[in-house]
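Structural overview
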Amino acid sequence: MLLIFLGGISVLAIPAVVAQSQADERPEFYFTRLMYTSNRNSFRGGGGTMENPGPYRCPEFGGGNFFPRQGSGWLTDSPGADCKLMGAIHRMTGQSVFPNPNYMEILNPELFKYPYAYIVEPGQMYISDQEAARLRQYLDRGGFLHLDDFWGVDQLENAVTELHKVFPERTIDDTFKELPLNHPVFHSFFDIPEVIQAPNVGNGCDGGPTWEQRSDIEPRVFGVSDDTGRLMVVMTYNTDLGDAWEYMDRACYPQKYTGYALRMGLNLMTYAITH
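1. Some points on the packing of aromatic side chains
- Under the criterion given, the structure shown has 14 aromatic pairs.
- Considering the side-chain rings of phenylalanine 144 and tyrosine 271, the 5.8 Å spacing of their centres and the 50 degrees angle between planes classify their relative orientation as tilted. One end of the pair, phenylalanine 144, is in strand 8 (residues 144-148); the other, tyrosine 271, is in helix 7 (residues 255-274), with 127 residues separating them in the sequence. Each member of the pair, phenylalanine 144 together with tyrosine 271, is buried.
- Positioned above the aromatic ring of phenylalanine 112 is the side chain of arginine 141, whose terminal nitrogen or guanidinium carbon lies 4.0 Å from the ring centre.
- The ring centre of phenylalanine 190 lies 5.9 Å from the NZ or CZ of arginine 263, which sits over that ring.

2. Brief notes about the sheet that holds strand 9 (residues 177-178)
- In space, the seven strands of this open sheet follow the order 5-3-6-8-11-10-9, with mixed pairing throughout. Either end of the sheet is taken by a strand with one partner, and the two such strands are strand 5 (102-105) and strand 9.
- Where strand 3 (residues 32-35) lies against strand 5, four bridges are found, and the strand directions are parallel. From the neighbouring strand, leucine 34 faces strand 5, where its bridge partner is methionine 104.
- Packing of helix 3 (residues 152-164) onto the sheet brings it into contact with strand 8, strand 10 (220-225) and strand 11 (231-237), and relative to strand 11 it is tilted by some 165 degrees.

3. Topic: the state of the cysteines
- As enumerated under the stated definition, the model contains two disulfides in all.
- Across a sulfur-sulfur distance of 2.1 Å, cysteine 58 and cysteine 83 are joined as a disulfide pair. On the sign convention where negative means left-handed, the S-S torsion of about -80 degrees between cysteine 58 and cysteine 83 marks this disulfide as left-handed. Separated by 25 residues along the polypeptide, cysteine 58 in the loop between strand 4 (37-38) and helix 1 (80-93) and cysteine 83 in helix 1 bring together distant segments of the chain.
- Overall, cysteine 83 belongs to the buried group, its relative accessible area being 0%.
- In this model cysteine 205 forms its disulfide with cysteine 252; the gap between the sulfur atoms is 2.0 Å. Taking the sign of the torsion about the S-S bond as the criterion, the disulfide between cysteine 205 and cysteine 252, at about 65 degrees, is right-handed. In this pair, cysteine 205 sits in helix 5 (residues 201-206) while cysteine 252 sits in the loop between helix 6 (241-246) and helix 7, placing the two residues 47 residues apart along the sequence.

4. Comments concerning the pairing of strand 10
- Within strand 10, five of the six residues are buried, leaving the element largely enclosed by the surrounding structure.
- Direction of pairing for strand 9 relative to strand 10: antiparallel, over a ladder of two bridges. Across the sheet, the residue bridging to lysine 177 is glycine 223, located in strand 10.
- Relative to strand 11, strand 10 is paired through six bridges, and the arrangement is antiparallel. Bridge assignment links valine 224 to a residue of strand 11, and that residue is valine 233.
- Between strand 10 and strand 11, which pair antiparallel in sequence order, lie five residues; one of them, glycine 229, sits at a positive phi of approximately 95 degrees.

5. Observations regarding the nonpolar core
- Residues Met86, Ile89, Tyr116, Phe144 and Trp245 are the most contacted members of the largest nonpolar core, which totals 44 residues.
- Put simply, the parts of the chain that give this core at least two residues each are helix 1, strand 6 (116-120), strand 11, helix 6 and helix 7.
- The element contributing the most residues to this core is helix 7, with ten residues.
- When residues no more than four places from it in sequence are discounted, the contact partners of tryptophan 245 are Phe31, Ala81, Lys84, Leu85, Tyr116, Tyr118, His146, Ala261, Leu262 and Gly265.
- Grouped together as the second largest cluster of nonpolar side chains are 36 residues, Leu34, Leu145, Leu156 and Val166 included.

6. Topic: unusual backbone geometry
- Cis geometry marks the peptide bond from serine 78 to proline 79; its omega dihedral reads 10 degrees.
- On the secondary structure map, proline 79 appears in the loop between strand 4 and helix 1.
- Of note, the phi angle at aspartate 77 is positive, near 75 degrees, even though the residue is not glycine.
- Counting through the fold element by element, aspartate 77 comes out in the loop between strand 4 and helix 1.
- By relative accessible area, which is 4% here, aspartate 77 ends up buried.
- A positive phi angle, close to 60 degrees, is found at asparagine 238, a residue other than glycine.
- Mapped onto the elements of the fold, asparagine 238 is located in the loop between strand 11 and helix 6.
- Asparagine 238 sits in the buried class, given a relative accessible area of 0%.

The rules we used
Along every chain, residues carry numbers that run from 1 in the direction the sequence is written. In view of the model being predicted, local features appear only for residues whose pLDDT reaches at least 70, and side-chain atom pairs are presented and counted only at 80 or more, with totals across whole chains, interfaces and linings using the full set of residues. Each side-chain value is derived from all of the structure's non-hydrogen atoms; neither hydrogens nor water enter the calculation. Centres within 6.5 Å are what make two rings of Phe, Tyr or Trp a pair, Trp counting through its six-membered ring; a difference in plane orientation under 30 degrees is then read as stacked, over 60 as edge-to-face, and the rest as tilted. Only DSSP runs of H or I with at least four residues qualify as helices, and only runs of E with at least two residues qualify as strands; both kinds are numbered from the N terminus onward. Only protein chains enter the accessibility calculation, which uses a 1.4 Å probe; a residue is then buried when its area is under 20% of its type maximum, exposed when over 50%, and partly exposed in between. Criterion for a charge above a ring: Arg CZ or Lys NZ at most 6 Å from the ring centre, at most 35 degrees from the ring normal. We treat two strands as partners when DSSP finds at least two bridges between them. We call two residues contacting when some pair of their heavy atoms lies within 4.5 Å. For helices, the axis comes from a line fit to the C-alpha atoms of the stretch in contact; other axes are also lines fit to C-alpha atoms, and the angle between any two N-to-C directions lies between 0 and 180 degrees. Two cysteine sulfur atoms form a disulfide, by the criterion used here, when they sit within 2.5 Å. Remark: nonpolar core denotes a set of buried residues (Ala, Val, Leu, Ile, Met, Phe, Trp, Tyr, Cys) joined through side-chain atoms within 4.5 Å.

Set out below in structure tokens:
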């Protein structure tokens, strides 16, 4: 039995086992990735909504070849990041996980079945008023939204502007708060003592700067809570957890960043299903 150390996390490299069928046992963990419309050109294509590529079974759970061509916009880093994170969560917890990426339109009524939802690169996200209203329903009914991989003041402004559509009755200053390290989300499974800037794979492997935009280089974690204090939204800003998940087994990508990203991912999902 092989023991792997991921930035201080000891992970038994055992075959991932999931329920024989969804009827036997509903998985504890789903990685639900939300689709959105891009409001700018990306380096792999133009604006608009990237088409849903359809079902994909992760190699960690018996699927075929790894790393089909990844998408852009809402599909950035997928399916690699989704698969690697879920495989690691299974190994770290022993809990049953859903073995496929779970792509979801915001207006899909099935969204309410999943306590955790992920949006990548919200610095280019556009959501309609109808989608904003649906997200508000989802959050008010106990859902948890995680925004990741956006850098600098311009991308932060876009993410906050679009997400403010979900909370139109609140002022921005009273809505988006930087979370202190004693917040329960940093201690829901692992104790996380610091916020780390996980770089994209190019910067991580080349030893370049860990930041991407000069306008703001400090990593921070922002949150939006309801009136009872329950955290509804987390924004991991100036950090790329998705690349750290996706490239966790690439030798050149430092374990420091992978270990942090896995801890954060598991903490966020654990908080989502327990609060």
